[in-house]
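# Structural description and commentary
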Amino acid sequence: MKKSKLGYLIIAFLLAWSLAQFFFLPAICSAEQMYQITETELTTLEQNSNRLLEISRQSATELETARQQLKISNQALTEGKQRIDDLQKQLTELKAWSKKQEELQQTILKSLPPSAPGVLREIGAKINVDHYVTGISYGVSRRIGSKYIGLRGEYDWQDKQAGLWATYAY
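Residues numbered from 1 in each chain as written. Predicted model: local features only at pLDDT ≥ 70, side-chain atom pairs only at ≥ 80, totals over all residues. Heavy atoms only, no water.

### Brief notes about the overall build of the protein
- From N to C terminus, the protein includes 2 helices and 4 strands.
- Each helix and strand of the protein, placed in order from N terminus to C terminus, yields the pattern α-α-β-β-β-β.
- The C-alpha atoms of the protein give 60 Å as radius of gyration, which overshoots the globular expectation for 170 residues (15 Å, by more than 25%).
- If one aligns the C-alpha atoms of the protein with their principal axes, the spans along those axes are about 180 × 55 × 30 Å.
- Of all 170 residues assigned to the protein, the portion counted as buried reaches 5%.
- Of the contacts formed within the protein by residues at least 6 apart in sequence, a portion of 17% connects residues at least 24 apart.
- Summed over all atoms, the accessible surface of the protein reaches about 15900 Å², with 62% contributed by carbon and sulfur.
- Counting 21 positive and 18 negative side-chain charges, the protein places the centres of these two groups 11 Å from one another. (Helix = DSSP H or I, 4+ residues; strand = E, 2+ residues; numbered from the N terminus. Rg over C-alpha atoms; globule rule 2.2 N^0.38 Å. Buried < 20%, exposed > 50% of the residue type's maximum accessible area, 1.4 Å probe, protein only. Contact = heavy atoms within 4.5 Å. Areas by Shrake-Rupley, 256 points an atom, 1.4 Å probe, with all protein chains shown as cover. Lys, Arg positive; Asp, Glu negative; His and termini not counted. Charge placed at Lys NZ, Arg CZ, Asp CG, Glu CD.)

As structure tokens, this is what we get:
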């Protein structure tokens, strides 16, 4: 029986100990710890808090300014893109108009008569200082491209000689 009294005693002790832990441990754990700070530490914390608040206000002001500048920049960018599009449209229209003007000019140039005649005729006189006119010449040239090719015949009545020349003018 001694053994059983000791066993009951151990069981009773363990039961009492677990009940004490069950009821008193949560109260001990949930108790808030108390911190004590000095007046100097409190002043330092207040100063640091005030500096942080001021920095936060300045940051918010700078952020708002940056947002406004971004908005203005985006508007300027949009206006710039619109201006570029307008200028590109104008350039395209001017190119088309210029091409039409060139075509019109080419049409007008083709319809105009050539500025140089197609056939040139020339009459010349051979002059000698002592006897005045001593001969005569006559020539005909035809335009080929921008140059003239032709024939010229001449007669010198003082020497009673005739001549024939091939001519090329450029």
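Structure's up, so let's keep going.
### Things to note about the sheet that holds strand E3 (residues 147-156)
- One open sheet accounts for 4 strands, arranged E1-E2-E3-E4; its pairing is antiparallel. Looking at which strands have only one partner, the edges of the open sheet turn out to be strand E1 (119-128) and strand E4 (161-169). Averaged over all neighbouring strand pairs, the angle between strand axes comes to 20 degrees, with direction disregarded.
- By the bridge criterion, 10 bridges tie E1 to strand E2 (residues 132-144) in an arrangement that is antiparallel. (Pairing = 2+ DSSP bridges. Axes fitted to C-alpha atoms, helices over the stretch in contact; angles between N-to-C directions.)

### Describing the environment of Glu 41
- Positionally, Glu 41 belongs in helix H2 (residues 39-111).
- A distance of 3.1 Å separates the side chain of Glu 41 from the backbone nitrogen of Thr 38, its partner in a polar contact. (Polar contact = N/O pair within 3.5 Å; in protein donor to acceptor, adjacent residues only side chain to side chain.)

### Description of the environment of Gly 118
- One can find Gly 118 in the loop between H2 and E1.
- When the C-alpha atoms of Gly 118 and Arg 143 are compared, they prove to be 5.0 Å apart, with 25 residues separating the residues in sequence.
- When neighbours within four sequence positions are excluded, Gly 118 is seen to be in contact with Ser 141, Arg 142, Arg 143 and Tyr 148.

### With respect to the pairing of E2
- Between E1 and E2, which pair antiparallel in sequence order, lie 3 residues.
- Strand direction decides the pairing type here: E2 and E3, joined by 10 bridges, are antiparallel. Bridge pairing in E3 links Arg 142 to Ile 149.
- Between the end of E2 and the start of E3, which pair antiparallel, lie 2 residues, with Gly 145 showing a positive phi angle near 70 degrees.

### Details of the confidence of the model for the protein
- With 91% of its residues at a pLDDT of 70 or more, the protein shows a mean pLDDT of 87.
- Averaged pLDDT values for the elements of the protein fall to 75 in helix H1 (residues 2-30) and rise to 93 in H2. (pLDDT = per-residue confidence, 0-100.)

### Let's talk about a nonpolar patch on the surface
- A contiguous nonpolar patch, built from Ile 123, Ile 127, Tyr 132, Val 133, Ile 136, Tyr 138, Val 140, Tyr 155 and Trp 157 and spanning about 970 Å² of accessible area, is present on the exposed surface.
- Broken down by secondary-structure element, the contributors of at least two residues to the nonpolar patch are E1 and E2.
- A total of 5 residues in the nonpolar patch trace back to one element, the largest contributor, which is E2.
- With a relative accessible area of 64%, Tyr 132 lands in the exposed category. (Patch = residues over 30% accessible without salt bridge, like charges linked within 9 Å, V, L, I, M, F, W, Y side chains within 5 Å. Salt bridge = Lys/Arg side-chain N within 4 Å of Asp/Glu carboxyl O.)

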